[in-house]
Amino acid sequence: MTIPLLRPTVAEVDLTKLVANLARVRGTVKEGVRLLTLVKANAYGHGAVPISQFLQEEKLCEFLGVASVEEGLQLRQAGVTLPVLVLGSIYPFEAFEYAIKNKLAVTIASLEAAQAVCRIAEKMGQKALCHVKQDTGMGRIGTRRGKVMDVLESLSKNPYVILDGLYTHLSSVETDPAFTEEQIGYYRDTLTNMQLRGIRVNYRHVAASTAIHARPDAHYDMVRPGHSAYGLETGYEPILSLKTRVVYVKDIAAGASVSYGRSFIAPKPMKVATLPLGYGDGYLRALSNKADVLIKGKRCRVLGNITMDMMMVDITDVPAVSVGEEVVAVGCQGQEKITLAELAQKAGTIDYELCTLLAARVPRIYKK
Ligand SMILES: Cc1ncc(COP(=O)(O)O)c(C=O)c1O
């Protein structure tokens, strides 16, 4: 049985805005610079398969970036044939076998990984597409200064390896330009050393969303837009709206409490609407008593603690709200707008986290 879509809580993804956002990235880089769009973590919560299929159909980018071999396999299973780079450090090394078989490019972040990928590719008699990751200061994964050349040399000599890329990731483009300069400097040194030793890669890549605008000198052969594609960067259009509908309306007396723990006590008689949206949908409990939603174009404050599946909002000043009324938790309604950035600020986090946490049970609806 196909399960019908009944619960009215949905995430709408506007693909026309995705097109516009990537056109903006494309317009920022020189002709010939490739785009690797990040679709890891379920495309930042937007739905990895439909987003990747759309990117492929519309020819919006040349590469996709995922976090793990499993995420890459999910795309291959869905018929995505675009080049895919697995950005995570590969562990266990058996994962290389799946990557090679499915033409997923892998990140090589250590000499051990380089030796393992050569061994496995040779055994399979197939070529491994490798992007060496240099840690220039992010402190996450990557060959540290002094080791990167060993990794590049060992891969460049192996006939079962296609040395497809050398990349690094910048940690603080917005906040620390001097450190960013240092990171790019380390990367440049490696490119110079490679040239001296006659080692070539197909793609040199450094810049994620913020650096695409802040550091045009670091565009090299490819840029890696993530949050700009999804409209989470200033100057880009958010592509996701979170919508639901009122499922219950009531009047409460002054002194009545709302939700678990009685963190909200009505100071006066009030009208309250219950929404089928809660932390089980990825709407953070930390937003209790802090966030607003939009009903009839007006801001309505969340009352009391957000529960797993439902939450309550104040509709005292919104006339004639009844069951079925549309509610926008993220997005625009009338003249008003609630962004993930606003909610993130109230919850003490970043907008990336909020969209990534959007639960699987919230259907994604794609608007072309
Ligand atoms: C290696 C790498 N490149 C690019 C990105 C995209 O970053 P952003 O979303 O800031 O564009 C990420 C995101 O985490 C990343 O890990």
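(A) Up close: the nonpolar core. Ranked by internal contacts, the top residues of the largest apolar core, which has 112 residues, are Val86, Val106, Ile108, Val117, Cys130 and Val313. Counting residues domain by domain, this core receives three or more from each of domain 1 (15-224) and domain 2 (240-367). Not counting the four nearest positions on each side in its chain, Cys130 is found in contact with Ala105, Val106, Ile108, Val117, Leu155, Val161, Ile162, Leu163 and Asp164.

(B) Layout of the domain arrangement of the protein chain. Taken domain by domain, the protein chain holds domain 1 (15-224) and domain 2 (240-367). On a C-alpha basis, the centres of domain 1 and domain 2 stand 38 Å from each other. Between domain 1 and domain 2, the residue contacts involve seven residues of the former and nine residues of the latter. Classifying every residue of the side of domain 1 that touches domain 2 by side-chain character gives four nonpolar, three polar and no charged.

(C) The arrangement of the environment of Ile212 in detail. Relative to the elements of secondary structure, Ile212 occurs in helix α9 (residues 209-214). For the pair formed by Ile212 and Val223, sequence separation is 11 residues and the distance between their alpha carbons is 6.9 Å. If we ignore the near neighbours within four places in the chain, the residues touching Ile212 are Val25, Thr28, Val29, Ala207, Val223, Pro225 and Ser228.

(D) Quick peek at unusual backbone geometry. Cis geometry is found at the peptide bond from Tyr91 to Pro92, where omega equals -5°. Secondary-structure assignment places Pro92 in the loop between β4 (84-89) and α5 (95-101). Notably, Asn289 is not glycine yet its phi reads approximately 65°, a positive angle. With respect to the helices and strands, Asn289 occurs in the loop between β14 (270-275) and β15 (292-295).

The rules behind each value
Note on numbering: residues in each chain are counted from 1, in written sequence order. For this predicted model, a pLDDT threshold of at least 70 governs which residues receive local features, and a threshold of 80 or more governs which side-chain atom pairs are given and counted, while totals over whole chains, interfaces and linings are taken from all residues. For our purposes the nonpolar core covers buried Ala, Val, Leu, Ile, Met, Phe, Trp, Tyr and Cys residues that link as a set through C-beta atoms within 7 Å. To assign burial, the other C-beta atoms lying within 10 Å of each residue's own C-beta are counted, with C-beta atoms placed from the backbone; 20 or more indicates buried, 12 or fewer indicates exposed, and intermediate counts indicate partly exposed. These domain limits were set by an automatic method or by a database of domain assignments. A residue pair is marked as a contact if its C-beta atoms, positioned from the backbone, fall within 7 Å. Under the convention adopted here, Pro, Cys and the residues Ala, Val, Leu, Ile, Met, Phe, Trp and Tyr are nonpolar, Asp, Glu, Lys and Arg are charged, and Gly plus all remaining residues are polar. Each helix is a run of DSSP H or I of at least 4 residues and each strand a run of E of at least 2, with the numbering of both proceeding from the N terminus.

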